Amino acid sequence: MKNKLIHNPVHGKLKVLGFASGSGNTLWKAYELQKEMEQTHGGCPFEIVGVFSDKPDSKAVEMAKTIGMAFASLDLRAFHNEHDAALSDLGVRALYDQEVAKLIEPFGADLILLAGYVWATTEALVNHYWMVNVHPADLSAAPYGHRLFAGADGVGDTLHLRQETICSSAHLATAEIDGGPLLMRSPSHVIDYSIPEENQQLRKAVLKAVNEHSRHLGARVILEIAQGKFGMDETGHVRYCGDPVPAGVKVESWSENIPKFRRDLNAMMSPKSVVVIGASARGGLGSAILSNIQDGGFTGGLYAVNRSGEDVAGVKAYERVELLPEAPDLAVVTTPSGAVLEAVETCGKLGVKAVVCISAGFKETGEAGAVEESKLKAITDRYNMRLLGPNCMGVLNTDPAVSLNATMLQHQPTPGNIAFITQSGALGAALLDYAEHLGMGFSKIASLGNQMDVDASDLLGELRDDPYTKVVMLYLETIGEGQSFFKQVSELTKTKPVVVVKSGRSSAGAAAASSHTGSIAGSDAAIEALLEKAGAIRVETLEMAYLTAMSLSKSRTFTGKRVGVVTNAGGPGILITDRLAMHGFELPLLPGEKRDALASVLFPEASTANPIDLVAPAPPEHYAKALETMAESGMYDALAVICVPPATIDTGKIAEALVPVIKAFDLPVICCFIGPTLGAAARTVLNQHQIPCLEFPENVADVLQAMSVKAGRYERGAAAEFEMKNHLVDGGSADRRTARSLMQSRYETGYLRSDAAMKLLALYGIPTPRWHWISAPGILEVEELSFPVVAKIEHPEVLHKSDAGGVVLNIESEAALRLVVQELFNAFPGAEAVLVQEQAKITHEVILGGKFEPGIGHLCLVGTGGTLVELFQDVSVKLMPVCQKQASSMIESLKTYPLLNGYRGKAKVPVEELAQVVKRFSDMIGDLPGIQEIDLNPVTWDASSGQFMAVDCRIRVE
Ligand code: ADP
Ligand code: MG
């Protein structure tokens, strides 16, 4: 069944407005949580945007003033007095709520938290916002269908009926008091009836206890709504993580299942002590990991657990986890899958903080495995543990203070500055072998496995401040929570390059990926757009990921397009020149006098152009001199040295001559010695000195392209942030409420009626031709339209109108129109209407499209319009929001851009104006995240009037 999320984190932060009559303490508790979470790597998924109070002098308003939070208030009593009505008059209350609705409009809230509000909320509010109320009694008690403890005195009623316990309840508010579906209930407070009832002592004590729970509950429920855990199915029942929860989620204890950011991920990456569960003296996976930990020189305490309790390779072993002398920070679980749950549960009881679950046999195996995995998750949640895996290769941290190799890798990886996060454990292992050849060193390695708990985003957050990590390399098959991933990558790329190889590009690849990891691969265009916007360096192949990460770990990114090449043969010189040109690099020549000076040192046959060709037998000094001349000229942004090893010369000597030159300049230099054997000596020397060395000239050009930021496709993370903000500033300009109510005009198929779609465009300043809606033949009031006009059928089932013969162009008169309208109604029984539009003159057509990609967000597409669109597939796709600058670059990146830009004397389309339309389009979708798909096809441009017009708009909503 469909599950509509109350809030989807992909759409950004949940904006919460608090309603308070008194102190608003429940709200402030949520605010505290917000502030706390804002300090963490993951940030806070919600934001309290303001307070509304029905009492202008309430404590909540005072508090808002003190902390500088926006507030609004309208005196409820005064309002009723003015209307000469009692407070209980719901008619006047409805009027009051209408005023409130206007007052709170500017806050742009998604949800209202009733934080101790005297509420008898009417439809004026309930129909426009999600509203959450926290009630100080157990609303799940409803033996005869109605809630026993609803209403003004839930605590009193609870005591009156001598209930053993009480809890507070969070629910969605409806116009019926305490009537909406339950979301979550607090832990139960056991009522102590020995407290005397005189002077309300018992009542006060219970109220105090339950109010404390209410405050926690309010904050927790807001957090989990913001995280996208709560949804509602078609029958109006609440679902939690997809499952129905008729009595709400019952929290057993505030100390269980605490939010992730409060759990200890550090205990996984830098544990003080480790136990390997399932490591036996008879060998196998567990013992392999144990010896890796030992050989890696782990600095902390180490234990083993196995069935016999026999020590393993000198490591003290125990029969059961609970016999361990201390609670280790980290447990590495390697037992058969059937024993995992029990082992992890015992770890939890003992106080272990983190688990690396190597064992497989969970979600990746199918439905039964998925059930086991959710049980595993429940256990880690109960004990607030973090878990990597299951079904992973382990974790490595070469920080000398830790030196932990809790992996099943064959070799001890060399320490270095690359952090490698991989979704495929097997690939990670095999490629480490290769890493040695390339001279790559690692700061951290983590294999994600099924990502039941710890995912790529969690680890990326940790890497941001890791002084040992210079470059991050990611191998991904799927992207889970796109928004948090995007955020973490954007943050990281501000200071460190992030190289991503994402498989599953083809649909066949995607299918393989989904059966492999048990998750569904997202659309590649969406991921491409996401990575680009986050400033990551996406490479096509694993090989490129390795070469790029290696080069960046020893060198740096650069801006600019000027490359200097030194080589000793014509062939490789041509190959790299071609490849560099393909990437848009330039190869400027040295100035004449420098070339002359260099020529006097080199062999007479040498060329001092770019590439400088030293010729085959050139001795090491020639390489050094040529490279030095280029480096000190200041004319290059990066340099390359390509050598085809000649028979007579020791490549090691060439490398030795190059090293001091490369070290003397702060310029990225990539060397390339062709041949695994001939180039070996050079490679050894260069690896020793941390200088990138490749084997093929084309690779050098590709790696340089990947390393060149800004000049290439990749902008840094800072740009992404700017765009997000830019959007927020402009986002509120349109009349959102009207816009949202227009979104209700939908057919059963989910498509909006065209009149609503046209009105929406107008609201966001996207021009449309003047139009008229004819809902039955005979009614024709088109005086304000000027001819010629176009008539289009509006029918819930006709999506491609012209294909079905439902578009008639060039209608010149009212009489002709009357006829056409009649014919259209006759031809399409069940039609809603005929849309009549003024006919635009068309010089050019473009299309604008938008699509919601689950887990990632909305994509924006700009493309060539008309019949050309299918033929050329000439489109540019970016992740929304799109600012004007980005919109311009999208338009400029189209293959057919020259056609728009005055090709061969054609009229020039004003690109800046079109970019403005694209930006408005992006703003509109940002405001209306319920849009699943939108097509403006075509947007026409008329050279004579200079106007853009969206003549056709199709919108599908949730
Ligand atoms: P559909 O895409 O459902 O077939 P459209 O509304 O896009 O229907 O109409 C089909 C084509 O008719 C458009 O691609 C455009 O070339 C032309 N057209 C539609 N409306 C107008 C208009 N108002 N002015 C000029 N041309 C129009
Ligand atoms: Mg169309």
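Bringing the coordination of the magnesium ion (ligand 2) into the picture now. Each pair of donors in an ideal octahedron of six around a metal sits at 90 or 180 degrees, and each pair in an ideal tetrahedron of four sits at 109.5 degrees. Around the magnesium ion (ligand 2), the protein contributes the donor atoms Asn937 (O) and Asp952 (OD), which lie 2.2 Å from the metal centre. With a gap of 15 residues between them, Asn937 in strand β40 (residues 931-942) and Asp952 in the loop between β41 (947-950) and β42 (953-957) connect regions that are remote in the sequence. Residue Asp952 is classed as buried on the basis of its relative accessible area, which comes to 17%.

To continue, consider the packing of helix α18 (residues 570-582) against helix α23 (residues 697-707). Two elements in contact, α18 and α23, have axes whose closest approach is 8 Å; the angle formed by their N-to-C orientations is 30°. Put simply, α18 runs roughly parallel to α23. Considering how the two elements wind past one another, α18 and α23 form a crossing that is right-handed. Contacts between α18 and α23 pair Pro572, Leu575, Ile576, Arg579 and Leu580 from the former with Pro697, Glu698, Val700, Ala701, Asp702 and Leu704 from the latter. Residue composition of the contact of α18 with α23, by class: eight nonpolar, no polar and three charged.

The subject of this paragraph is the site of ligand 1. In the vicinity of ligand 1, 19 residues are found, and the nearest of them are Lys792, Lys801, Ser802, Ala840 and Asp952. In the environment of ligand 1, an oxygen atom lies 2.6 Å from a nitrogen or oxygen atom belonging to the side chain of Lys792. Between ligand 1 and Ser802, the relevant distance is 2.5 Å, taken from an oxygen atom to a side-chain nitrogen or oxygen of the residue. Computed on the free molecule, ligand 1 has an accessible area of 530 Å², of which 85% lies beneath the protein chains in the complex. The set of elements that each furnish at least two residues to the shell around ligand 1 consists of β34 (789-794), β35 (807-811), β36 (833-838) and β40.

The next point concerns the packing of helix α29 (residues 884-892) against helix α31 (residues 911-927). It is at 8 Å that the axes of α29 and α31 come closest, and there the two elements cross at 120°. Comparing the axis directions of α29 and α31 gives the class oblique. In this structure, α29 meets α31 at a crossing whose hand is right-handed. Between α29, through Gln884, Ala887, Ser888, Ile891 and Glu892, and α31, the contact on the second element is made entirely by Val911, Glu912, Leu914, Ala915, Gln916, Val918 and Lys919.

Our next topic: the sheet that holds strand β18 (residues 330-333). Overall, parallel pairing links the six strands, which are arranged β17-β16-β15-β18-β19-β20 in an open sheet. Across the chains shown, the open sheet's two edge strands, defined by having one partner strand only, are β17 (317-318) and β20 (386-388). In this structure, strand β15 (residues 273-277) lies alongside strand β16 (residues 301-305), joined through five bridges in parallel fashion. Each bridged residue has a counterpart across the sheet, and for Val274 the counterpart in β16 is Leu302. Relative to the sheet, helix α10 (residues 340-350) contacts β15, β18 and β19 (354-357), its axis offset from that of β18 by approximately 170°.

With that out of the way, let us pick up the side chain of Lys502. Relative to the elements of secondary structure, Lys502 occurs in strand β26 (residues 498-502). Residue Lys502 is classed as buried on the basis of its relative accessible area of 3%. Those residues in contact with Lys502 that sit more than four places away from it in its chain are Leu476, Glu477, Thr478, Ile527 and Arg538.

What the rule picks out here adds up to 10 aromatic pairs. Look at Phe420 and Tyr546: their rings are 6.1 Å apart centre to centre, the planes differ by 85°, and that puts the pair in the edge-to-face class. Of this pair, Phe420 sits in strand β23 (residues 415-422) while Tyr546 sits in helix α17 (residues 542-554), placing them 126 residues apart in sequence. As far as burial versus exposure is concerned, Phe420 and Tyr546 are alike and both buried. Among the aromatic side chains, those forming a connected cluster through ring pairs are Phe420, Tyr434, Phe442 and Tyr546.

What counts and how
Think of each chain on its own: its residues are numbered from 1, step by step along the sequence as written. Written order determines the labels here, with chains lettered from A and ligands numbered from 1. Residues qualify for local features only when their pLDDT is at least 70, as the model is predicted, and side-chain atom pairs are given and counted only at 80 or more; totals for whole chains, interfaces and linings, by contrast, use all residues. Calculated side-chain values reflect all of the structure's heavy atoms, with hydrogen atoms and water omitted. Atoms are scored as donors when they are N, O or S and lie within 2.8 Å of the metal, with 3.2 Å used for Na, K and Ca; no water is included, so coordination may look incomplete. Put simply, DSSP marks the helices as runs of H or I at least four residues long and the strands as runs of E at least two long, and each gets a number from the N terminus on. Any residue under 20% of the maximum accessible area for its type is buried, any over 50% is exposed, and the rest in between are partly exposed; the area is computed with a 1.4 Å probe on protein chains only. For helices, the axis comes from a line fit to the C-alpha atoms of the stretch in contact; other axes are also lines fit to C-alpha atoms, and the angle between any two N-to-C directions lies between 0 and 180 degrees. Roughly parallel covers angles under 35 degrees, roughly antiparallel covers those over 145, roughly perpendicular covers 65 to 115, and oblique covers all other angles. Note: crossing handedness is left-handed where the near helix turns anticlockwise from the far helix by less than a right angle, and right-handed where it turns clockwise. Throughout, a contact is declared for two residues whenever any of their heavy atoms are within 4.5 Å. Gly is placed with the polar residues, together with every amino acid not listed as nonpolar (Ala, Val, Leu, Ile, Met, Phe, Trp, Tyr, Cys and Pro) or charged (Asp, Glu, Lys and Arg). We call a residue near a molecule or strand as soon as one heavy atom of that residue lies within 4 Å of the molecule or strand. Nitrogen and oxygen atoms within 3.5 Å of one another constitute a polar contact, given that in protein one can donate a hydrogen and the other can accept it, and given that sequence-neighbouring residues count only through two side-chain atoms. Areas reported here follow the Shrake-Rupley algorithm with a probe of radius 1.4 Å; residue values treat only the protein chains shown as occluding. Criterion used throughout: strands pair if DSSP finds at least two bridges between them. Working definition: rings of Phe, Tyr and Trp (its six-membered ring) pair if their centres are within 6.5 Å, and the pair is stacked with planes under 30 degrees apart, edge-to-face with planes over 60 apart, and tilted otherwise.

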